[in-house]
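# Chains, contacts and geometry: an overview
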Amino acid sequence: MSATPSTQIISIDRGNEAPAVTSVQIDASCRAPVLLLFISAAAWLLIGSLLGIIASLKFHSPNILASCPLLTYGRVHPAAWNALIYGFAIQAGLGVGLWVLSHLGRAKLAMAPLIVIGAILWNLGMTIGTYGILYGDSTGFEWLEMPRYASGILFFAYLAIGLAAIVTLHLRRERELYISQWLLLAAIFWLPWIYSTAQLLLVFKPVRGVMQAIIDWWYINNLTTIWLGFTGLAATFYFIPKIINRPLYSHYIGIFIFWTLAIFGSWGGIPTGSPLPTWIPALSSVGAALTIVPVLAVAFNVHKTFVGNYSKLSSSMPLKFIAFGALAYVLSGLVGVLASIVQVSEVINFTWFTPAQTQFVVYGFFAMTMFGAIYYIVPRLLQADISSAGVRWHFWLALIGVLIYVVSLGVGGVEQGTVLNNPKATADFMGVTNSTLPFLRASTTGDLFIALGHLVFLLNLVGVLVRVSRASFSTAMVANRRAEVRA
Amino acid sequence: MSPDPKKPLIKATDEAEPKAERSAAPVALVVLLALMVFGGMVYLGNNAGGFNAQVYGPFKSHDEVKGAQPVSKGGEALVLGKKVYETCAACHMPTGVGSPTVNAPPLAGSEWVVGGGPNRIIRIVLNGLAGPIEVNGKAYGAGAMPAFKDSFSDEQIAAVLTYVRQEWGNKADPVKPETVKAIRAETASKGDNWAAPDLLQVSDK
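Residues numbered from 1 in each chain as written. Chains lettered and ligands numbered in written order. Predicted model: local features only at pLDDT ≥ 70, side-chain atom pairs only at ≥ 80, totals over all residues. Heavy atoms only, no water.

So, on to the pattern of salt bridges. Going through the model one piece at a time under the given rule, you end up with 9 salt bridges over all chains. Across the pair A:E174 and B:K19 runs a salt bridge, and its minimum N-O distance is 3.7 Å. Here A:E174, found in the loop between helix 4 (148-170) and helix 5 (179-204), pairs with B:K19, found in the segment before helix 1 (27-47), and the two come from separate chains. By relative accessible area, which is 15% here, A:E174 ends up buried. Given a relative accessible area of 15%, B:K19 falls into the buried group. (Salt bridge = Lys/Arg side-chain N within 4 Å of Asp/Glu carboxyl O. Helix = DSSP H or I, 4+ residues; strand = E, 2+ residues; numbered from the N terminus. Buried < 20%, exposed > 50% of the residue type's maximum accessible area, 1.4 Å probe, protein only.)

Further remarks concern the interface of chain B and chain A. With 39 residues of chain B in contact, the opposing surface of chain A contributes 55 residues. Applying the counting criterion to the chain B and chain A interface returns 5 salt bridges. The closest approach of N and O atoms between B:K19 and A:E176, which form a salt bridge, is 3.8 Å. In this assembly, chain B and chain A are joined by 10 residue pairs in polar contact (both at pLDDT 80 or more). Classifying every residue of the side of chain B that touches chain A by side-chain character gives 24 nonpolar, 7 polar and 8 charged. (Contact = heavy atoms within 4.5 Å. Polar contact = N/O pair within 3.5 Å; in protein donor to acceptor, adjacent residues only side chain to side chain. Nonpolar A, V, L, I, M, F, W, Y, C, P; charged D, E, K, R; others polar.)

This brings us to unusual backbone geometry. The linkage connecting B:G57 with the following residue, B:P58, adopts the cis geometry, with an omega of 5 degrees. Even without being glycine, A:N245 reaches a positive phi, approximately 60 degrees. Relative accessible area serves as the criterion here: at 39%, A:N245 is assigned to the partly exposed category. You will see that B:W168, though not glycine, has its phi angle at about 50 degrees, which is positive. Relative to the helices and strands, B:W168 is located in the loop between helix 6 (154-166) and helix 7 (177-186). By relative accessible area, which is 24% here, B:W168 ends up partly exposed.

Turning our eyes to something else, we now look at the domain arrangement of chain A. All names here are of chain A. Each assigned domain of chain A is listed here: domain 1 (21-176) and domain 2 (241-477). Using only C-alpha atoms to locate each centre, domain 1 and domain 2 end up separated by 18 Å. The junction of domain 1 with domain 2 conceals about 2,600 Å² of combined surface from both sides, 84% of it contributed by carbon and sulfur atoms. Summed over the shared surface of domain 1 and domain 2, the result is 0 salt bridges. Between the two partners, domain 1 and domain 2, sit 3 residue pairs in polar contact (both at pLDDT 80 or more). Among the elements of the structure, helix 1 (23-60) and helix 2 (73-104) are those that each provide at least two residues to the side of domain 1 that touches domain 2. With 19 residues, helix 1 is the single largest residue contributor to the side of domain 1 that touches domain 2. Here the side of domain 1 that touches domain 2 is composed, by residue class, of 22 nonpolar, 5 polar and 2 charged. (Domains from an automatic or database assignment. Buried area = accessible area lost by both parts, 1.4 Å probe.)

Bringing the domain arrangement of chain B into the picture now. Here chain B is described as being made up of domain 1 (24-68) and domain 2 (75-201). Taking only C-alpha atoms into account, the centre of domain 1 of chain B sits 53 Å from that of domain 2 of chain B.

Before going further, it helps to spend a moment on the packing of helix 4 of chain A against helix 5 of chain A. Between two packed helices, what matters for the description is the angle formed by their axes and the separation of those axes. Residue and element names in this part refer to chain A. Packing of helix 4 against helix 5 leaves a shortest axis separation of 11 Å and a crossing angle of 160 degrees. In terms of their interaxial angle, helix 4 and helix 5 are classed as roughly antiparallel. The crossing of helix 4 and helix 5 is left-handed. Packed against helix 4, whose contacting residues are R148, S151, L154, F155, Y158, L159, G162, A165, I166 and L169, the element helix 5 presents Q181, L185, A187, I188, F189, L191, P192, Y195, S196, Q199, V203 and F204 at the interface. Of the residues belonging to the contact of helix 4 with helix 5, the class tally is 16 nonpolar, 5 polar and 1 charged. (Axes fitted to C-alpha atoms, helices over the stretch in contact; angles between N-to-C directions. Parallel < 35°, antiparallel > 145°, perpendicular 65-115°, else oblique. Left-handed = near helix turned anticlockwise from the far one by under 90°.)

Taken as a whole and assessed by the stated rule, the structure comprises 39 aromatic pairs over all chains. Ring geometry for A:F59 and A:W352: centres 4.9 Å apart, planes at 85 degrees, overall edge-to-face. Here A:F59, found in helix 1, pairs with A:W352, found in the loop between helix 11 (342-348) and helix 12 (353-382); they are 293 residues apart in sequence, far enough to count as distant. Judged by centre distance (6.1 Å) and plane angle (75 degrees), the rings of A:W99 and A:Y376 are edge-to-face. Of this pair, A:W99 sits in helix 2 while A:Y376 sits in helix 12, placing them 277 residues apart in sequence. Accessibility classification places A:W99 together with A:Y376 in one group, the buried group. Here the aromatic cluster, defined as three or more aromatic residues joined through ring pairs, consists of A:F88, A:F321, A:Y363, A:F371, A:Y375, A:F395, A:W396 and A:F457. One residue, B:K190, lies across the ring of B:W194, its end atom 4.3 Å from the ring centre. (Phe/Tyr/Trp six-rings, centres within 6.5 Å; stacked < 30°, edge-to-face > 60°. Lys NZ or Arg CZ within 6 Å of the ring centre and 35° of its normal.)

Pasting the structure below:
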C-alpha cells in the first residue's frame, strides 16, 4: 500500500514495528481533560449567548431589565463577550489543540492531571471574572474587562495547560512536524505574551493617554488574527485531510501562511480614523491589507486538498462545520482587507459594520470550526455516537443565525456609515441612529438562532455523556449480578 | 470504557494521521506578496507622514502640519518676553497701564513703545531712565527706572521689548537681539540713567 509514501497518508503499517500507542489509547489519555474543556466551553457559550441576547435587546427595548444594575448594557455586553472569548473560544481551542497535538505526535497526552487542574482554575477565574464584570469591577478595556483578581487566575491556568501541550509536543513519537503543530505551538506561546503585556501596561501599570488605546487594539487584533486564527487553521488543516482521507495539498503553502500571518497579521487592528500620529494607523492598515496573501493561500490550499472530494461534505457533519468555517475565514479575511482601505474605512468606521466583521471571524470561522472538531473528537473519546439529528439541528441553527447576524449588521453598518458621512444628515443624528433599528432587530433574531444552536450543542454533549455513563453503569451492574449468581 | 462492538467507531483511517504533500507554493502567491509589499511601501511613503510623531490625520506630512499652524510675528520670542516682563510688571503692571504709586508711565499705547523703531526703548531698558518725561501727553518724572544691562541678555531684552510692543493692543515690529547687541556696544561707556531730552536726540528711524 505504500508505493509513493509522500503522497499517501502514512498509516498503521510502518514495517513490522506496529505503533506502540494506538489511537484508542491516545483518546483514552485525552478523555478527562479534553471533555472537561469541551463541556465547560459549551456551558460558557450558552451563558454568553443568554447575556448577549439581553445586551442585544437593550438596543430596541431599553426598558427591559433596566432596573437591575447587574444587567445594564455596560456590564452585560462585556460579560457576554468575555464568556464567548475566554469561556468558550479559548477552552474549546485548547481542548481541540491538545487532542490534535497528541494524535499528530502519536503519543499519549502528557500531564493530564495538570490540564484538569488548569481547566478547573480557568473556569474558576471565568466565574469570578464574570461576576466581577457584572458587579461593576470591569477594567473598561475592550476584551480585557475582567478585573485583575480574575485575570491573574486565568493567566496561571493557561500556563498550566500550555505547559502540558508543550510537553506533549516534545514527547511526540512521530518526529516529523505537520503544519497544525507549527500553528498550535505558536498560538500556545502567543497568548501569554500578549495577555501579560496588555494586562501589565493597561491594568497593573497603566501607560498614559492614547497609548492605552494602541495597546488594546494591538491585543484584540493579535488575539483574533493570531490566536484564534492559528488555532482555528490548525484544526482546518488537520481535520479536512483527515476526514476526506487525503493528504493536505501543500506543506510549503502552510508554512507560507504561518509566516506571513505571524509577521504581517499581527500589525493590524488600529482604525484609520484613530487620534494617533498617522504613521501608526497607516502601518496598521498596510499590515491588514497584506493579510490578503495568506487568506488567498488558505483558500487555495483548502480547495486543492478538497478538489474532487467535495461530495464527501454531504456524508460528514463535522466536515460541514469545518468547511463552513474555512469559507468564513476566507470571506471575512477578504472583507477585512477591504475594510483596511481608507476610503472604505471612512464609511464603516464607528458603525455596526465592525461588530458584524468581528462576529464573522470569531463565530463564523472560529466557533464553527471548533464545533466541527468537537463533533469529530467527542464520539471517539466516549466511543459513542452523538445524536446525528441534534448535530444537524445545531449546524443549521448556527449557520442561519450567523448569516442573519452578519448580513444584517454588515448592511446596516454600511448604510449607517453612508448616511453619517453625508454632512446634511449628520445634523439629525437621532434620525440616523433610529434608522439602524430594523437591522438591530434582525441581528437579535440572528442572536436567538445562534443561542438556540448553543443550547442544542450543550444538550448534544450532555446527552452523549449521560448515555455513556448510564450504559457503563448498567454493564457494571450486569457484571456484578453475574458475579453474584456465579458465587 | 467498553466500546460497543456492534458499532466500530474507530475506522482504519483513525490510525492514520494526515500528512502534507510537498507541492511547491505557486509563484503567483510570492509575486502577489512582493507586489503587496511594494504597494504598502508606496502607501506608507505617501500616507505615513514621514513617520513623524507630530503628524496626525488628516495631514500627510510635517510641512503640511507646519503650514496649518497659526504664525505670530514674534513667535517664540513672545513666550520668553512674557516671562521676562514679570520683572517689569512690578512697576508697569501686568496689563501695561503703569502705576501712580511708583510714577511709572504706561507701556500700553505709549508713543515711546510703538512710536517708531526700538532705538530709544532699548537704551531705556539697558541704562534706565530718570527725570521729566512726557508720555501720551501726560508728564511724569517723580520716579526713576533702574538699568537692566547687567540683569538681562540681548535675547531677553529683545524678547521683552517684542512682547511689550505686541501686547495690550500694541502693534509694532519685533525687536531683534542683534539690534540690542549693537546698541549695548555703542553705549557701553554710559554709566548713568538716560534723561528723556537726551533720548530724543537719538534717531528713531
